[in-house]
Amino acid sequence: MKCTVFIFSVCLLVLSSLAYSDKSNLGNRLILESSPYLLQHANNPVDWYPWGKEAFDRARQENKPIFLSIGYAACHWCHVMRKESFENIDIARFLNKHFIAIKVDRERRPDIDEFYGNAVMAFQGHQGWPMSVFLTPDKKPFYGGTYYPAKAFRALLSEMSDYWTNQREQAVNQASQLVDQLYSRKKTGGQALMFDKVLRNRAIKSLLSIVDRDNGGFGEGSKFPREPWLYLLLDDSYGKAEDNLSLMSLRTTLTRMAYGGIYDQLGGGFHRYTTDPHWRTPHFEKMLYNQALLVPLYLRANDIYPDPLYRMVAQQTLDFVLKEMRSPQGGFYASLDADSEGGEGHYYLWTRDEWQALLNNDDSRLSASIFDVDEYGEMDNGDNVLYFYLTPEEYSDENNILLSSVLGKLNKIRFQLKQARNKRIKPALDKKIIMAWNGLAITALVEGAMRFSESDYLTYARGAARFIWENMQGDDHFYRINFQGKNSQDAQLEDYAYYLQALIALYDIDQDRAWLDKAKILAGMMQQLFWDNQQGGFYDIPVDQDTPLPIRPKTGFDKTLPSGNAVAARMFIRLARRTGDDAYYDKVNAVLALFFPETKETPSAFSSLLVASREEQEGVVTLPVYAARGHVRIDAFIRAVNDKQYTLNIEMKFDDKWHINSHTPFDTQLIPTAIRLQEPSEWTLSDIQYPEHEVVKLGFSQQALALYQGYVSIRSLLKKGSTSVNPSIRLRLQACNDQLCLPPEDLLLYPRFMVNHIVE
């Protein structure tokens, strides 16, 4: 069939109408979609529909059940099921005859993925991708699972077809009952203040009970980072001793991951998870969101307990993202595929023969011992995943070789291996630009820029933020997806919340009001599009007039990513503190009150909400912080002089007409500005250098005052005792303008650890 006489898109529609025949496969409706994952299935013999009105109308008209398949472009087992089942003519014939088949990219529609993922969890007790769900024509699930081998999938299709034909009423009732069970929310009687330390400690105790004390992570099987849980442990580690269980569990996890196969030991960046409890054997997809969530974890953990390994991993991961995942326009791509050259992880794997052919005998022996490279490997075919079987320190001790010599040789070996690997065919890159994940990446880059000197991270963070603002915004909303220069799919709550976090982070580092103005505009859009005026809280999605889910979801629990409601609450707290507008707190309190009953039942599932509630009640732990209703910006950082000596800088910037008293005010009844160590402490603070005060007369008093205003820097020396944990600093101040004085404030600061940019 020739297409030259038709407009191209019209021709494709004609082809898609011929999608299935026993002898030909000309493509299906997915060929018109702007999703790499959906396009991977565009030439299947399955008569796929995208999620939309057309598919459900046909299901109702023909009274057929729906087979819904959900996955993503980088997913290894999605590729396997595509090859085994969706490219199988016999399976496709049966599927097309008895079902309406719908394919969904979970990265485009996280709401669909979450809704039906909860159903699969109810059916199977676990979930994953590819997700396989059977629905009634009104979109309610009556059965579901994940990956099925071809033979089992063909048998399941037959079973589900018989069930629908012979027990349809039971299937419909079962589906309705499941939706009611999963999404009927009890009337809330909670209050925001009920998020107390008791509830928080219950969640932490629950997490610590399942921490793998030897290997880190949670549980004893497959290992996922579980970033929302790690952030709660991090939040509980500030100001604590080094034997605090939360800090110890966090550090064990981050260290084991950094030395494991989940981390790309040559190129930087993390794979999504490992199939073993030791972090050694990953599924090899690299997701933007994992990099963006893990970088701040490593950097903030380093602020508490300095570790060169953490700084190196954070820097290498950021550099990997910039090199491999940044688009020429400034946004960041979604993922790198698990598969390459026809096999899972081929790009990252090594045989013993390859190793020995590439390296000389001495280097081969040293690195094979460190990386545990042998003829057996970790994969079924004997291929080796690179991970640290011995750390450089352990190898140095065991072989009585200087550590500096081991590190020098290891750096040379890694360079050789990386150069050789660069000649291989790289995994496919999913070039979707996802608003939410880009928001997380921007925040990670800002965190890197705040700690690494002479970095370009801030430049790239600004570029990505501008790309979203200028290229992914419609008339009254944002789009979630930008692919090949075209926008699609209305942005969801997580897109707005993570991007709001990015804008506030940029305001904090740039001190440019334009970023804050954008953040306030975005917060207004969130309230307009997602806020529930009856019960409070943010819906996960805007109103869908075309193909709505059976319910409009509103969730507060974390899954792979932190809850959109939790991140929105935290960012509204930060907006209130930066703008002085207490109306933002009303939304925060409503969110916390709404989800309190569910949080009380399973607090660890709501880790991000617990972090938000503590931030509202006790203040933010990450810097900068704001005092005087946003009129005073305070930052603090330390630098190492040697193993025991450090310098501390506290910087304050004041809005016009605002000031604080000097450390030696003329009137002894005034509150002096002062810094001290949070007690108890194994640090000593000395040689505090307060700036010169200004002598000012204000309109309400004839008496001259000694004031700090404009920009102020307090410097001092710190000496470390027998501890590895960084110090906490108390700052006492009272802010005034020429008309009023605000109440005194006593702020607890956790200075971040500044380092020079690490050369790989």
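Cut-off values and rules
For every chain, the first residue of the written sequence is number 1, and numbering continues from 1 onward in sequence order. Note on the predicted model: pLDDT of at least 70 is required for a residue's local features to be given, and 80 or more for side-chain atom pairs to be given and counted; whole-chain, interface and lining totals, by contrast, use all residues. The side-chain figures draw on all heavy atoms in the structure; neither hydrogens nor water molecules are used. DSSP-based pairing: two strands are paired if at least 2 bridges between them are found. Elements are defined by DSSP. Helices are runs of H or I of four residues or more, strands are runs of E of two residues or more, and each kind is numbered from the N terminus. Between buried and exposed lies partly exposed: a residue is buried under 20% and exposed over 50% of the maximum accessible area for its type, with that area taken using a 1.4 Å probe on protein chains only. Polar contact is the term for a pair of N or O atoms within 3.5 Å; when the atoms are in protein, one must be able to donate a hydrogen and the other to accept it, and sequence-neighboring residues count only if both atoms are side-chain atoms. Contacts: residue pairs with any heavy atoms within 4.5 Å of one another. Definition of nonpolar core: a set of buried residues of the types Ala, Val, Leu, Ile, Met, Phe, Trp, Tyr and Cys, connected through side-chain atoms within 4.5 Å. Side-chain rings of Phe, Tyr and Trp (the six-membered ring for Trp) are treated as a pair once their centres are within 6.5 Å; stacked means planes under 30 degrees apart, edge-to-face means over 60, and tilted covers the remaining angles. Working rule: Lys NZ or Arg CZ, within 6 Å of ring centre, within 35 degrees of ring normal, means a charge sits over the ring. Orientation is described by lines fitted to C-alpha atoms, with helices fitted over the stretch in contact, and by angles between N-to-C directions that extend from 0 to 180 degrees. Throughout, the term roughly parallel applies to angles under 35 degrees, roughly antiparallel to angles over 145, roughly perpendicular to angles from 65 to 115, and oblique to all others. Crossings are classed by handedness, with left-handed meaning an anticlockwise turn of the near helix from the far one by less than a right angle and right-handed meaning a clockwise turn. Each residue is assigned to one of three groups, with Ala, Val, Leu, Ile, Met, Phe, Trp, Tyr, Cys and Pro labelled nonpolar, Asp, Glu, Lys and Arg labelled charged, and all others, Gly among them, labelled polar. Exposure above 30% relative accessible area and the lack of any salt bridge qualify a residue for a patch; like charges then connect within 9 Å, and the nonpolar side chains Val, Leu, Ile, Met, Phe, Trp and Tyr within 5 Å. Surface accessibility in these figures is a Shrake-Rupley result with a 1.4 Å probe; residues are shielded only by whichever protein chains are displayed. By definition, a salt bridge exists where a carboxyl oxygen of Asp or Glu is found within 4 Å of a side-chain nitrogen of Lys or Arg. Only four residue types enter the charge count, namely Lys and Arg as positive and Asp and Glu as negative; His and the chain termini do not. A single reference atom marks each charge: NZ on Lys, CZ on Arg, CG on Asp, CD on Glu. A pair of cysteine sulfur atoms is labelled a disulfide when the two atoms are within 2.5 Å. The pocket and cavity definitions rest on a 1 Å grid over protein atoms only: a 1.4 Å probe that fits but cannot leave marks a cavity, an open set with protein on both sides within 12 Å along at least five of seven lines marks a pocket, and residues lining either have an atom within 4 Å of a point. Grid points are joined across faces, edges and corners, and a volume is the space filled by probe spheres set on the points.

**Some thoughts on the sheet that holds strand β23 (residues 705-709)**
One open sheet holds the four strands; their spatial order is β22-β23-β19-β26, and the pairing between them is antiparallel. If you trace the sheet from one side to the other, it starts and ends with β22 (694-696) and β26 (735-736), each paired once. Of the pairings in the sheet, the one linking strand β19 (residues 659-661) to β26 comprises two bridges and is antiparallel in character. Across the sheet, residue I660 finds its bridge partner in β26, namely A735.

**Topic: the side chain of S237**
Relative to the elements of secondary structure, S237 occurs in the loop between α10 (227-235) and α11 (245-259). On the accessibility criterion, S237 (0% relative accessible area) is buried. Within polar-contact distance, the side chain of S237 engages the backbone oxygen of L233 at 2.7 Å. If near-sequence neighbours (up to four positions away) are discounted, S237 is found in contact with N244, S246, L247, L250 and I304.

**Digging into the nonpolar core**
What tends to happen in soluble globular proteins is that the nonpolar side chains get buried as a cluster. Counting residues in hydrophobic clusters, the biggest one holds 236 residues, and the most contacted among them are Y116, Y499 and I634. Looking at which element gives the most residues to this core, the answer is helix α20 (residues 493-510), with 13 residues. Sequence-distant contacts of I634, defined by excluding residues within four places in its chain, comprise L623, P624, V625, A627, I650, E651, M652, L731, L733, L747 and L749.

**Observations concerning the packing of aromatic side chains**
This model, assessed by the stated rule, comprises 42 aromatic pairs. When the ring of F284 is compared with that of Y348, the centres are 5.7 Å apart and the planes differ by 10°; the resulting orientation is stacked. Note that F284 is positioned in the loop between β7 (282-283) and β8 (286-287) and Y348 in the loop between β11 (343-344) and α14 (352-358), a separation of 64 residues in sequence. The burial state of F284 is the same as that of Y348; both residues are buried. Ring geometry for F371 and F388: centres 5.0 Å apart, planes at 55°, overall tilted. With a gap of 17 residues between them, F371 in helix α15 (residues 361-371) and F388 in the loop between α15 and α16 (392-399) connect regions that are remote in the sequence. With respect to burial, F371 and F388 carry one shared label: buried. Chaining the aromatic ring pairs together yields one cluster made of W48, F67, F86, F99, F134, F142, F153, Y163 and W164. Between the NZ or CZ atom of K103 and the centre of the ring of W48, over which it lies, the distance is 4.6 Å.

**So, the side chain of T136**
Inspection of the secondary structure puts T136 in the loop between β4 (131-135) and β5 (141-145). Setting aside its immediate chain neighbours within four residues, T136 contacts I66, F142, W164, V172 and A175.

**Details of the packing of α10 against helix α12 (residues 288-304)**
Running from N to C, α10 and α12 point in directions that differ by 15°, and their axes come no closer than 11 Å. Here α10 lies roughly parallel to α12, going by the angle between them. Crossing angle aside, the handedness with which α10 passes α12 is left-handed. Along the contact surface, α10 presents E227, L230, Y231 and L234, while α12 presents N290, L293, L294, P296, L297, R300, A301 and I304. A breakdown of the residues in the contact of α10 with α12 according to their chemical character gives nine nonpolar, one polar and two charged.

**Comments concerning unusual backbone geometry**
For the peptide bond that leads from L623 to P624, omega is 5°, which places it in the cis range. A cis geometry characterises the amide bond from E679 onward to P680, with omega recorded as -5°. Locating P680 in the fold gives a position in the loop between β20 (674-677) and β21 (683-689). Not every positive phi belongs to a glycine, and R629 is a case in point at roughly 55°. Turning to its location among the elements, R629 is positioned in the loop between β16 (625-627) and β17 (632-640). The exposure class of R629 is partly exposed, given its relative accessible area of 44%.

**A look at a negative patch on the surface**
A cluster of acidic residues, E393, E394, D397 and E398, forms a negative patch on the protein surface. Inspection of the secondary structure assignment puts E393 in helix α16.

**Description of the state of the cysteines**
Counting across every chain of the model gives two disulfides. The partner cysteine of C75 in its disulfide is C78, sulfur to sulfur 2.5 Å. With the S-S dihedral at roughly 80°, the linkage between C75 and C78 falls on the right-handed side. Its relative accessible area of 2% is what places C75 among the buried residues. By relative accessible area, which is 2% here, C78 ends up buried. The side chain of C736 participates in a disulfide bridge whose partner is C741; the two sulfur atoms lie 2.1 Å from each other. Between C736 and C741, the S-S dihedral sits near 105°, and the bridge is therefore right-handed. Residue class for C736 comes out buried when judged on its relative accessible area of 4%.

**Things to note about the pairing of strand β15 (residues 486-490)**
Across four bridges, strand β14 (residues 479-483) lies against β15 in antiparallel orientation. The partner of I481 across the bridge, within β15, is S488. Where β14 folds back onto β15 in an antiparallel hairpin, the turn is made up of two residues, including Q484, whose phi is positive at roughly 55°.

**Focus on the sheet that holds strand β2 (residues 66-71)**
Paired through their backbone hydrogen bonds, the strands of a sheet run either parallel or antiparallel. The five strands lie next to each other as β1-β3-β2-β4-β5, forming an open sheet whose pairing is mixed. Among the strands making up the open sheet, the edge pair consists of β1 (49-50) and β5. Examined bridge by bridge, β4 and β5 share four bridges and lie antiparallel to one another. Within the sheet, the bridge partner assigned to V133 lies in β5 and is G144.

**Details of the pattern of salt bridges**
Taken as a whole and assessed by the stated rule, the structure comprises 42 salt bridges. Among the salt bridges present, the one from D212 reaches K223, with a minimum N-O distance of 3.1 Å. Residue D212 is located in the loop between α9 (197-209) and α10, and its partner K223 is located in the loop between α9 and α10; the two are separated by eleven residues in the primary sequence. Comparing D212 with K223, the two get one shared label, buried. For D746, the salt bridge goes to R676, with nearest N and O atoms at 3.7 Å. Of this pair, D746 sits in strand β27 (residues 745-749) while R676 is found in strand β20, placing the two residues 70 residues apart along the sequence. Overall, D746 belongs to the partly exposed group, its relative accessible area being 36%. A single salt-bridge network, built from bridges that share partners, covers R29, D47, E54, R58, E62 and K64.

**Examining the environment of T136**
The exposure class of T136 is buried, given its relative accessible area of 2%. Considering only alpha carbons, one finds T136 and P65, 71 residues apart in sequence, at a separation of 5.1 Å.

**Quick notes on empty space enclosed by the protein**
Using the criterion set out here, one finds eight cavities of 30 Å³ or more in the structure. In this structure, the largest cavity spans a volume of roughly 340 Å³. What lines the largest cavity is a set of 27 residues, and nearest its centre among them are Y231, R300, Q501, R570 and V611. Put simply, the parts of the chain that give the lining of the largest cavity at least two residues each are α10, α12, α18 (435-451), α20, α22 (564-579) and α24 (607-618). Here the lining of the largest cavity is composed, by residue class, of 16 nonpolar, five polar and six charged. Empty space within the second largest cavity amounts to approximately 190 Å³. Lining the second largest cavity are 17 residues, and of these E447, A505, D508, R574 and T622 lie nearest its centre. Of all the secondary-structure elements, those providing two or more residues to the lining of the second largest cavity are α18, α20 and α22. Counting residues per element, the lining of the second largest cavity draws most heavily on α18, which supplies five residues.

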